[in-house]
Amino acid sequence: AQSVTQPDARVTVSEGASLQLRCKYSYFGTPYLFWYVQYPRQGLQLLLKYYPGDPVVQGVNGFEAEFSKSNSSFHLRKASVHWSDWAVYFCAALSGSFNKLTFGAGTRLAVCP
Amino acid sequence: GPKVLQIPSHQIIDMGQMVTLNCDPVSNHLYFYWYKQILGQQMEFLVNFYNGKVMEKSKLFKDQFSVERPDGSYFTLKIQPTALEDSAVYFCASSSLLGGYEQYFGPGTRLTVL
């Protein structure tokens, strides 16, 4: 079965430090992958998306992600974290004929001053 | 960017009652979705809907659940009767084309079943 795994439930970084949030997928065929962010008491906002092509994709607010077929990964990165990045980040994969999104469990990011 | 609206933001009801959650999707979108997120857990797909029909549903989409979008009005999720385990945040999403892939999410409706 297709699945998305985010191995880190919580990540804490200092403001200004670099960030990597991990995502692994199990998928048959060519995956379409997404990173969403959820701020407190808000819905999901799309950070970036991967459609087959360039493995490094750029998103909003300085986020980028790199797709690796050999590692079955789609890790999210940011060079310098800001306190406003404090949120929950979800990796998701599109599956099925009708655009069902399968989500990972999410990674809760805390930013320390 | 495009906005999906959900009404109400919070609903509290007694077990066994009926509830209808309303979603106002992006205006030119044709594909609609409901997802369920139990507090502290991951979001899970419930159902998607196109051209007046359910295209795919998960095992979470119980017989007590139904969806419709009459005449281009709200896309609704109805639960009748509700159960305690239906307490969750329900997110609506919409997308423009089957091949467009990008889903836009609403802010969610927090449903509390007592």
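To be clear, the structure that these remarks concern was listed above.
Okay, so let's go over this structure. (Residues numbered from 1 in each chain as written. Chains lettered and ligands numbered in written order. Predicted model: local features only at pLDDT ≥ 70, side-chain atom pairs only at ≥ 80, totals over all residues. Heavy atoms only, no water.)

Facing the 20 residues of chain B at the interface are 20 residues of chain A. Carbon and sulfur atoms supply 56% of the area buried between chain B and chain A, which totals about 1,800 Å² over both sides. Between Lys 49 of chain A and Glu 102 of chain B there is a salt bridge; the shortest N-O distance is 2.5 Å. Broken down by secondary-structure element, the contributors of at least two residues to the side of chain B that touches chain A are strand S4 (31-37), strand S5 (43-50), strand S6 (53-57) and strand S9 (88-95) of chain B. When the residues that make up the side of chain B that touches chain A are grouped by side-chain class, the tally is 11 nonpolar, seven polar and two charged. (Contact = heavy atoms within 4.5 Å. Buried area = accessible area lost by both parts, 1.4 Å probe. Salt bridge = Lys/Arg side-chain N within 4 Å of Asp/Glu carboxyl O. Helix = DSSP H or I, 4+ residues; strand = E, 2+ residues; numbered from the N terminus. Nonpolar A, V, L, I, M, F, W, Y, C, P; charged D, E, K, R; others polar.)

Attention now moves to the sheet that holds strand S3 (residues 19-24) of chain B. Residues and elements named next belong to chain B. Read across the open sheet, the four strands follow the order S1-S3-S8-S7; overall the sheet is antiparallel. Each having just a single partner strand, strand S1 (5-7) and strand S7 (65-68) make up the two edges of the open sheet. This sheet shows a mean twist of 20° between the axes of neighbouring strands, independent of strand direction. Relative to S3, S1 runs antiparallel, the two sharing three bridges. Note that in S3 the partner of Gln 6 across the bridge is Cys 23. (Pairing = 2+ DSSP bridges. Axes fitted to C-alpha atoms, helices over the stretch in contact; angles between N-to-C directions.)

All right, on to the state of the cysteines then. As enumerated under the stated definition, the model contains two disulfides over all chains in all. The disulfide partner of Cys 23 of chain A is Cys 91 of chain A, and the S-S distance across this bridge is 2.0 Å. Sign of the S-S torsion, about -70° for the bond between Cys 23 of chain A and Cys 91 of chain A, identifies this disulfide as left-handed. Of this pair, Cys 23 of chain A sits in the loop between strand S3 (19-21) and strand S4 (24-26) while Cys 91 of chain A sits in strand S10 (residues 87-95), and the two are 68 residues apart along the sequence. One disulfide in the model links Cys 23 of chain B with Cys 92 of chain B; its S-S distance is 1.9 Å. A torsion of -65° about the S-S bond marks the disulfide between Cys 23 of chain B and Cys 92 of chain B as left-handed. Of the two residues, Cys 23 of chain B is situated in strand S3 and Cys 92 of chain B in strand S9; the sequence distance between them amounts to 69 residues. The exposure classification of Cys 23 of chain B matches that of Cys 92 of chain B, with both residues buried. (Disulfide = S-S within 2.5 Å. Buried < 20%, exposed > 50% of the residue type's maximum accessible area, 1.4 Å probe, protein only.)

The next thing to look at is the environment of Tyr 104 of chain B. Residue and element names in this part refer to chain B. Take Tyr 104: it is sitting in strand S10 (residues 104-105). The spatial distance from the C-alpha of Tyr 104 to the C-alpha of Ala 93 is 5.2 Å, given a sequence separation of 11 residues. Beyond its immediate stretch of four places on either side in the chain, Tyr 104 contacts Pro 2, Val 4, Val 26, His 29, Cys 92, Ala 93 and Ser 94. Here the side chain of Tyr 104 touches Glu 102 through a polar contact of 3.1 Å, side chain to side chain. (Polar contact = N/O pair within 3.5 Å; in protein donor to acceptor, adjacent residues only side chain to side chain.)

What follows covers the side chain of Gln 6 of chain A. Residues and elements named next belong to chain A. Topologically, Gln 6 is positioned in the loop between strand S1 (3-5) and strand S2 (10-14). Its relative accessible area of 7% is what places Gln 6 among the buried residues. Side-chain polar atoms of Gln 6 contact the backbone nitrogen of Gly 106, separated by 3.1 Å. A polar contact is formed between the side chain of Gln 6 and the side chain of Thr 107, at a distance of 3.4 Å. Ignoring anything within four residues of it in the chain, the contact list for Gln 6 reads Arg 22, Trp 35, Tyr 89, Phe 90, Cys 91, Gly 104, Ala 105, Gly 106 and Thr 107.

This part takes up the packing of aromatic side chains. Under the defined criterion, the tally for this structure stands at 20 aromatic pairs over all chains. Considering the side-chain rings of Phe 103 of chain A and Tyr 35 of chain B, the 5.7 Å spacing of their centres and the 90° angle between planes classify their relative orientation as edge-to-face. One end of the pair, Phe 103 of chain A, is in strand S11 (residues 100-103); the other, Tyr 35 of chain B, is in strand S4, on a second chain. Ring plane angle 45° and centroid distance 5.4 Å describe the contact between Tyr 35 of chain B and Phe 105 of chain B, whose orientation is recorded as tilted. Of this pair, Tyr 35 of chain B sits in strand S4 while Phe 105 of chain B sits in strand S10, and the two are 70 residues apart along the sequence. Like Tyr 35 of chain B, the residue Phe 105 of chain B is buried in the burial classification. Grouped by ring-pair contacts, the aromatic residues Tyr 32, Phe 34, Tyr 36, Tyr 51, Phe 90 and Phe 103 of chain A together with Tyr 33, Tyr 35, Phe 45 and Phe 105 of chain B constitute a single cluster. (Phe/Tyr/Trp six-rings, centres within 6.5 Å; stacked < 30°, edge-to-face > 60°.)

Two elements, S3 of chain B and strand S8 (residues 75-79) of chain B, share five bridges in a ladder whose sense is antiparallel. Looking at the pairing, Leu 21 of chain B lines up with Leu 77 of chain B of S8 of chain B.

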